[in-house]
Amino acid sequence: PGIYVCAKCGHELFSSRAKYEHSSPWPAFTETIHEDSVSKRKERPGALKVSCGKCGNGLGHEFLNDGPKRGQSRF
């Protein structure tokens, strides 16, 4: 339980309350902890490239409409 932060700068990214089990080997979250936690840019249909909102460190992707509930995204 707790807050997941950027490994490079310590910026708060995700709360364990938004974490859920997914078939991916990576941790999966439904939302960021703050509005400015991450920055996003379109990479391909259905996926956004996600970076730390403070330092730009690469964090992976946001997969649109792939969350645990209909209409939710997965980080």
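See the structure above.
Residues numbered from 1 in each chain as written. Predicted model: local features only at pLDDT ≥ 70, side-chain atom pairs only at ≥ 80, totals over all residues. Heavy atoms only, no water.

## Notes on the packing of aromatic side chains
Applying the stated criterion to the full structure yields 3 aromatic pairs. When the ring of Tyr4 is compared with that of Phe29, the centres are 5.0 Å apart and the planes differ by 70 degrees; the resulting orientation is edge-to-face. Of this pair, Tyr4 sits in strand β1 (residues 3-5) while Phe29 sits in strand β4 (residues 28-29), and the two are 25 residues apart along the sequence. Judged by relative accessible area, which is 31%, Tyr4 ranks as partly exposed. Judged by relative accessible area, Phe29 falls into the buried class, the value being 5%. (Phe/Tyr/Trp six-rings, centres within 6.5 Å; stacked < 30°, edge-to-face > 60°. Helix = DSSP H or I, 4+ residues; strand = E, 2+ residues; numbered from the N terminus. Buried < 20%, exposed > 50% of the residue type's maximum accessible area, 1.4 Å probe, protein only.)

## Thoughts on the pairing of strand β6 (residues 47-52)
Among the 6 residues in β6, 5 count as buried, and that is most of the element. For β6 and strand β7 (residues 58-63), the ladder comprises 5 bridges, and the chain directions are antiparallel. Counted as the bridge partner of Ser51 is Gly58 from β7. The antiparallel hairpin formed by β6 and β7 contains 5 residues in its connecting segment, where Gly56 sits at a positive phi of about 85 degrees. (Pairing = 2+ DSSP bridges.)

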